[in-house]
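For reference, the chains in residue letters:
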Amino acid sequence: GVGRSHMRLHVRVSAGSGNSSENMRQVWINDSRWVIEDLQFPGLQNDSIEALLPLEGGGLMVLDRGYNNLTRQWKDGNWTEAHLPRGHAMDIFQTELKEVWAVFVDYAGDNVITGLARFDGTQWIELRSDLVEGTRLLSQDPQGQSFLWSKKGIIQIKPEGLVTRPLPGEGQDYDCYVGCS
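Residues numbered from 1 in each chain as written. Predicted model: local features only at pLDDT ≥ 70, side-chain atom pairs only at ≥ 80, totals over all residues. Heavy atoms only, no water.

Comments concerning the side chain of aspartate 106
Tracing the sequence through the fold places aspartate 106 in strand β8 (residues 100-108). Look at aspartate 106: it is buried, it has no salt bridge, and the nearest opposite charge is arginine 86 at 4.4 Å. Aspartate 106 has contacts with Arg86, Gly87, Asn111, Val112 and Ile113, leaving out every residue within four places of it along the chain. (Helix = DSSP H or I, 4+ residues; strand = E, 2+ residues; numbered from the N terminus. Buried < 20%, exposed > 50% of the residue type's maximum accessible area, 1.4 Å probe, protein only. Lys, Arg positive; Asp, Glu negative; His and termini not counted. Salt bridge = Lys/Arg side-chain N within 4 Å of Asp/Glu carboxyl O. Contact = heavy atoms within 4.5 Å.)

Right, dumping it as structure tokens:
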């Protein structure tokens, strides 16, 4: 078993205007607080895990980069492949509301289809298959709004659909490395 461990967590927050705050917390953890699971899956390597997300109702969703960008679900002590409706996951993301989203790509002959899917707790549901090639999941802002990034603009995920907010310079493609804050 783990026995007894000491965990120290350091957090530093920057407001972006030069103001920052720093805090540190410590906790002692013993055997009674740990649940140890063997998460071995044939072909799954620790260095191939791109994302590890907790699922509502228990379990984990893993994006495995080492095995054709597959998503795998761990629940009740078992691994299953969580197949997307088509293609392979390029990114997965979880919102504060515990929704799990994926941007997928499907190479169908000469066509590249990029789409968006949401995991409903049991399976992936394809919501869109007409996104710009290279679209990626971006982030969530402090108000809980989720965004995608594409070469054509920032795309907001809204209940009524996707809303694209073009970047300056209409018609230009951008490589964009930003995060919401």
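Side note on the pairing of β8
Extensive coverage of β8 is indicated by the burial of 7 of its 9 residues. Here 6 bridges tie strand β7 (residues 88-94) to β8, and the two strands are oriented antiparallel to one another. By the bridge assignment for β8, aspartate 91 is matched with valine 103. The antiparallel hairpin formed by β7 and β8 contains 5 residues in its connecting segment, where lysine 98 sits at a positive phi of about 70 degrees. (Pairing = 2+ DSSP bridges.)

A look at the nonpolar core
By size, the foremost hydrophobic cluster in this structure holds 15 residues, and its most contacted members are Met61, Leu84, Ile92, Val100, Phe119 and Trp124. Secondary-structure elements contributing two or more residues to this core are β3 (49-54), β4 (60-64), β7, β8 and β9 (111-119). Among the elements that make up this core, the one with the highest residue count is β8 (3 residues). Not counting chain neighbours up to four residues away, the residues in contact with methionine 61 comprise Ala51, Leu52, Leu53, Leu55, Thr71, Arg72, Gln73, Ala82, Ile92, Val100, Phe119 and Trp124. (Core = buried A, V, L, I, M, F, W, Y, C linked by side-chain atoms within 4.5 Å.)

Considerations on the pattern of salt bridges
Taken as a whole, this structure holds 5 salt bridges when the rule is applied. Put simply, glutamate 81 and arginine 72 hold a salt bridge, and the shortest N to O gap is 3.8 Å. Here glutamate 81 falls in the partly exposed class, since its relative accessible area comes to 32%. Of the charged contacts in the structure, one is a salt bridge between aspartate 91 and arginine 136, with a shortest N-O distance of 3.8 Å. Taken as a pair, aspartate 91 in strand β7 and arginine 136 in strand β11 (residues 136-140) lie far apart in primary sequence, 45 residues in all. We classify aspartate 91 as buried; its relative accessible area is 16%.

Details of the confidence of the model for the protein chain
Within the protein chain, residue pLDDT values average 76, and 70% of them lie at 70 or more. Ranking the elements of the protein chain by mean pLDDT puts strand β1 (residues 4-14) last, at 68, and β9 first, at 88. Throughout residues 176-181 the model reports pLDDT below 50, and contacts reaching past four residues in sequence, or to other chains, amount to 8 contacts. (pLDDT = per-residue confidence, 0-100.)

Description of the pairing of β9
Bridge analysis of β8 against β9 gives 9 bridges, and the strand direction is antiparallel. Bridge pairing in β9 links alanine 102 to alanine 117. Once β8 ends, the chain turns through 2 residues before running back antiparallel as β9, passing glycine 109 with a positive phi of about 65 degrees. Examined bridge by bridge, β9 and strand β10 (residues 124-131) share 5 bridges and lie antiparallel to one another. The residue bridging threonine 114 from the neighbouring strand is leucine 131, located in β10.

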